[in-house]
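Summary of the model geometry
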Amino acid sequence: MFAKACEKAMQYTHPLVQNIRTVDGDLQSQYGTYFFINKQGWAVTAAHVFNVMMKFQYDQKHIQEINQINEKNKAEGKPESAVMDPKWITHHSFWFGADPIRLSQVHLVSNADLAIFKLDNVPEAFLKETAVFGDVSKLRPGTSLCKLGYPFIANKPDFKDGNFVMKAGNIAPFPVDGIFTRMATDIIDQEKKIAIRYIETSTPGLLGQSGGPTFDINGIVYAIQSRTVHLPLGFTPKVNEGDKVTTAHQFMNVGNGIPVDILIQVLVDRKIPFETVNQDSDGSTYVIR
């Protein structure tokens, strides 16, 4: 059902890998997903994907403060008294699916979990296809939707001469099909009564799929995968584990995506070009650029 749509989406959807090294020398790669929205190199992901970068910037300030304190103590003949958190990030890098690509601009809309960013040095092959947005107001419950991203990847980088070296591995996109169930709402500020809408799908978004597109069988994008919500089913069967009886709470895991109409508002405000579909009086659709 989604073969042609996935073939198209895989051309503009790519992994967003962040490599980190911490004070204790631990090395990690954290995976997210992004996709291109125009041929000028503008792309979209979930804002929380950039949390690692934000933590790196925060940790760098503290590392500098600790070094200054210890340098002062040393100059005064005192022992080094300030200690770093072993999990502060000392080194950080992005990888956007190809070595030459570099991040040049970022616009974070944290309340809507949206990140819009500009990439430079993008290979021509990455921009042959870009996302086309659908009309969220016409999305009906039961519509088949598919999420695409990069879960199930456990590669860890090496670190040599102050640089990350990514190991060769299979970084392959993974689609998850489902249906549109309903529009979900979450209050993000109780005092100001600010709410955010989500497109809910009957299947979860997987770790590594955050920021990826949610599209229909024609490849039209309706949402950006944001989070997975665990809905309690109300079933609590008893499970025997040796002599111990435990209660197993049952949940349904559903995906929540930021609707593209929210993204479109941000793109219009920032004068960033994109493509969307509209419906003519005869029922046919056409692309607006």
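It should be noted that the structure appears before, not after, this text.
So, here's what we can say about the structure. These figures come from a predicted structure and were not determined experimentally.

What counts, and where the lines are drawn
- Residues numbered from 1 in each chain as written.
- Predicted model: local features only at pLDDT ≥ 70, side-chain atom pairs only at ≥ 80, totals over all residues.
- Heavy atoms only, no water.
- Helix = DSSP H or I, 4+ residues; strand = E, 2+ residues; numbered from the N terminus.
- Buried < 20%, exposed > 50% of the residue type's maximum accessible area, 1.4 Å probe, protein only.
- Contact = heavy atoms within 4.5 Å.
- Areas by Shrake-Rupley, 256 points an atom, 1.4 Å probe, with all protein chains shown as cover.
- Lys, Arg positive; Asp, Glu negative; His and termini not counted.
- Charge placed at Lys NZ, Arg CZ, Asp CG, Glu CD.
- Disulfide = S-S within 2.5 Å.
- Core = buried A, V, L, I, M, F, W, Y, C linked by side-chain atoms within 4.5 Å.
- Salt bridge = Lys/Arg side-chain N within 4 Å of Asp/Glu carboxyl O.
- Polar contact = N/O pair within 3.5 Å; in protein donor to acceptor, adjacent residues only side chain to side chain.
- Phe/Tyr/Trp six-rings, centres within 6.5 Å; stacked < 30°, edge-to-face > 60°.
- Pairing = 2+ DSSP bridges.
- Axes fitted to C-alpha atoms, helices over the stretch in contact; angles between N-to-C directions.

Attention shifts here to the overall build of the protein chain. Looking only at helices and strands, one finds three helices and 18 strands in the protein chain. Seen along its three principal axes, the alpha-carbon backbone of the protein chain occupies a region of about 85 × 60 × 45 Å. Buried residues in the protein chain amount to 43% of all 289 residues. Excluding contacts between residues fewer than 6 apart, the proportion of contacts in the protein chain whose partners are at least 24 apart in sequence is 68%. Of the accessible surface of the protein chain, which amounts to about 15700 Å², a share of 51% is contributed by carbon and sulfur atoms. In the protein chain, which carries 29 positive and 30 negative side-chain charges, the distance between the mean positions of the two groups comes to 1 Å.

Residue placement: Phe251 occurs in strand 16 (residues 251-259). The partly exposed category is assigned to Phe251, whose relative accessible area is 44%. Sequence separation between Phe251 and Phe235 is 16 residues; the distance between their C-alpha atoms is 8.3 Å.

Let us now look at the side chain of Ser226. Mapped onto the elements, Ser226 comes out in strand 13 (residues 221-232). Residues contacting Ser226, with those up to four places away along its chain left out, are His48, Asp113, Tyr198, Ser210, Asn256, Gly257 and Ile258.

Two cysteines form a disulfide when their sulfur atoms are joined by a covalent bond. On inspection of all chains with the given rule, the structure shows zero disulfides. We note that Cys146 lacks a disulfide partner, and the nearest cysteine sulfur, in Cys6, lies 4.0 Å from it.

In terms of nonpolar packing, the biggest core is built from 58 residues, with Tyr34, Phe35, Phe36, Phe133 and Phe215 touching the most fellow members. Apart from the residues lying within four places of it in its own chain, the contact partners of Phe215 are Phe2, Ala5, Cys6, Ala9, Ser144, Leu145, Cys146, Leu148, Ile220 and Val221. Ranked by size, the runner-up nonpolar core spans five residues in total, among them Val17, Trp95, Tyr150 and Ile153.

This part takes up the pattern of salt bridges. The tally for this structure, following the rule as stated, stands at nine salt bridges. Of the charged contacts in the structure, one is a salt bridge between Lys138 and Asp135, with a shortest N-O distance of 3.0 Å. Using a relative accessible area of 48% as the deciding quantity, one classes Lys138 as partly exposed. Across the pair Arg197 and Asp261 runs a salt bridge whose closest N-O atoms are separated by 2.8 Å. Linking Arg197 in strand 11 (residues 194-201) with Asp261 in helix 3 (residues 260-269), this pair joins segments that are 64 residues apart in sequence. Using a relative accessible area of 33% as the deciding quantity, one classes Arg197 as partly exposed. Among the charged side chains, a salt-bridge network with shared partners connects Asp24, Asp26 and Lys87.

Attention shifts here to the side chain of Asn19. With respect to the element layout, Asn19 can be found in strand 1 (residues 13-22). Owing to a relative accessible area of 2%, Asn19 belongs among the buried residues under this scheme. There is a polar contact of 2.5 Å between the side chain of Asn19 and the side chain of Ser29. Excluding residues within four positions of it along the chain, Asn19 makes contact with Gln28, Ser29, His91, His92, Ser93, Pro157, Phe164 and Met166.

Below, the discussion takes up the packing of aromatic side chains. Under the counting rule described, the total for this entry stands at twelve aromatic pairs. With 6.2 Å between their ring centres and 55 degrees between their planes, Tyr12 and Phe35 make a pair best called tilted. Residue Tyr12 is found in helix 1 (residues 3-12), and its partner Phe35 is found in strand 2 (residues 27-36); the two are separated by 23 residues along the sequence. Residue Tyr12 is classed as buried on the basis of its relative accessible area, which comes to 1%. Both rings, one in Phe50 and one in Phe94, keep their centres 5.6 Å apart while their planes meet at 55 degrees; by these two values the pair is tilted. Of this pair, Phe50 sits in the loop between strand 3 (42-45) and helix 2 (51-75) while Phe94 sits in strand 4 (residues 89-95), placing them 44 residues apart in sequence. Overall, Phe50 belongs to the buried group, its relative accessible area being 1%. Joined through ring pairs, the aromatic side chains of Tyr34, Phe36, Phe50, Phe94, Phe96 and Phe117 make up one cluster.

Reading across from one edge, 4-1-2-3-6-5 is the order of the six strands in this open sheet, with antiparallel pairing throughout. A single partner strand is all that each edge strand has here, and the edge strands are strand 4 and strand 5 (102-109). Taking each pair of neighbouring strands and ignoring which way they run, the sheet shows an average axis angle of 30 degrees. Bridging between strand 1 and strand 2 involves nine bridges; their strand directions are antiparallel. Note that in strand 2 the partner of Gln18 across the bridge is Gln30.

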